[in-house]
Amino acid sequence: MERRAFLAATTAAAAVTSADALAGAAGATAEPGTAARPQVLELRRYRLRNGALATRFAAYAKDALVPALGRAGLAPIGAWNVTLGPDSPTLHLLLPHPDAASVVTLDARLDSDGEYRKAAASTLVLPPVDPPFLSCDSSLHAAVATMPGVEKPTGAAAGKDRVFELRTYRSASEAASRRKIEMFEAGGELALFRRVGLNTVFFGRDLVGGGLPSLTYMVGFADDAAREKAWAAFREHPEWAKMRDDPRFADIVSNIDSSLLRPTDYSQI
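The following paragraphs examine the structure supplied in this document. This one's a predicted model, so the numbers in the text were calculated from it and none came from an experiment. Once a new chain begins, its residue numbering starts again from 1 and follows that chain's sequence as written. Confidence filtering applies because this is a predicted model: local features only for residues at pLDDT of at least 70, side-chain atom pairs given and counted only at 80 or more, and all residues used for totals across whole chains, interfaces and linings. The basis for every side-chain value is the complete set of heavy atoms in the structure, and neither hydrogens nor water enter the calculation.

**Topic: the layout of surface pockets**
Using protein atoms alone on a 1 Å grid, points that fit a 1.4 Å probe yet trap it form a cavity, whereas open point sets bounded by protein on both sides within 12 Å along at least five of seven lines form a pocket; residues with an atom within 4 Å of a point count as lining. Grid points are joined across faces, edges and corners, and a volume is the space filled by probe spheres set on the points. Taken as a whole, the largest pocket spans an internal volume of roughly 430 Å³. Around the largest pocket, the lining comprises 24 residues; the ones closest to its centre are R45, R47, T168, R170 and D257. Listed by contribution, the elements that provide at least two residues to the lining of the largest pocket are β1 (40-47), β3 (90-97), β4 (135-143), β5 (163-170), β6 (199-208), β7 (214-221) and β8 (255-263). Grouping the amino acids of the lining of the largest pocket by side-chain chemistry returns four nonpolar, twelve polar and eight charged. Looking at the lining of the second largest pocket, the elements with two or more residues in it are β5, α7 (174-184), α9 (224-235) and α10 (238-244). Element by element, the count of residues in the lining of the second largest pocket is highest for α9, at three residues. When residues are sorted by character, Ala, Val, Leu, Ile, Met, Phe, Trp, Tyr, Cys and Pro go into the nonpolar class, Asp, Glu, Lys and Arg into the charged class, and all the rest, Gly among them, into the polar class. Residue composition of the lining of the second largest pocket, grouped by class: nine nonpolar, no polar and five charged. Numbering goes from the N terminus for both helices and strands, where a helix is a DSSP run of H or I of at least four residues and a strand is a run of E of at least two.

**Some thoughts on the nonpolar core**
For the purposes of this section, nonpolar cores are sets of buried Ala, Val, Leu, Ile, Met, Phe, Trp, Tyr and Cys residues that join through side-chain atoms within 4.5 Å. To sort residues, take the accessible area from a 1.4 Å probe on protein chains only and compare it with the maximum for the residue type: under 20% means buried, over 50% means exposed, and anything in between is partly exposed. Counting residues in each nonpolar core, the largest one holds 26 residues, and the members touching the most others are Y46 and L91. Of all the secondary-structure elements, those providing two or more residues to this core are α3 (52-71), β3 and α4 (100-111). By residue number, the principal contributor to this core is α3, which donates ten residues.

**Description of the side chain of S171**
Here S171 lies in the loop between β5 and α7. The definition of a polar contact used here is a pair of N or O atoms within 3.5 Å, where within protein one atom must be able to donate a hydrogen and the other to accept one, and adjacent residues in sequence count solely through side-chain atom pairs. A polar side-chain atom of S171 sits 2.6 Å from the main-chain carbonyl oxygen of I252. Residues are treated as being in contact if the distance between any of their heavy atoms lies within 4.5 Å. Here S171 is in contact with A176, S177, P213, I252, V253 and S254, once residues within four sequence places are set aside.

**Some details on the environment of F234**
Tracing the chain through its elements places F234 in helix α9. Given the relative accessible area of 4%, F234 is considered buried.

**Looking at the pattern of salt bridges**
The salt bridge criterion pairs a side-chain nitrogen of Lys or Arg with a carboxyl oxygen of Asp or Glu, the two atoms within 4 Å. All chains considered together, the criterion is met by 19 salt bridges. Notably, a salt bridge pairs R47 with D137, separated by 2.3 Å at the nearest N-O pair. Linking R47 in strand β1 with D137 in strand β4, this pair joins segments that are 90 residues apart in sequence. Under the relative-accessibility criterion, R47 is labelled buried at 19%. According to the relative accessible area criterion, D137 is partly exposed, its value standing at 35%. Between E189 and K180 there is a salt bridge, and its shortest N-O distance comes to 3.0 Å. Here the two residues E189 and K180 agree in accessibility, since each one is buried. Look at the salt bridges and you will find they share partners, linking E165, R167, R227 and E228 into a network.

See the structure below:
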């Protein structure tokens, strides 16, 4: 079953470039002296159906897939259900890979994991007339130099009522997308996020997926009220007004996709 989901990432990656080249792309923006090499982040979206299918897939993800991903060296694994956004019910899984080779070899590593095959046995043999999920989309993202990996929320933002927002910014050209990333990094937008309570979980330049060129990031909050407060503080901050009105950053985003997510009881983020 995981072979079917994995093809969405590996086939696309192979069509674009070799694994070594993709790993290089992930680290291309790293500055000299950067301690951590930026990760390659895989984001899977499993589209489900309310009822028995969703319940069964949740059990598979919790008891078989996520533990096996941990044994394969991937952590932390994020798992969220959509509360507001397209294609609900959809389970989002975030897989942080150390490099592109990990993306390409993951399917084989799962297949050789006897503990995984045993835990997933009832799901792996499901017939086409009763599939484990309706469809799976997968995208790959190169973490940026200033945020080279996944950061788990802490304090109140890590509590039981925590919520997350997944956002994708699409641009009309590669040059415009690069300037938006510059705005986040050198321009100070990510730094301002931290100061106003927009707890960034990951930030990546989109490598493989639909609607390129684009970038994708996730922010987390203690609850819905904290989310509203943080975004209000950001919008009203004079530093944001200065960035927004900078001519270098004019016309760099053509569309924004946004979804609100809540973690599952087995999410590690």
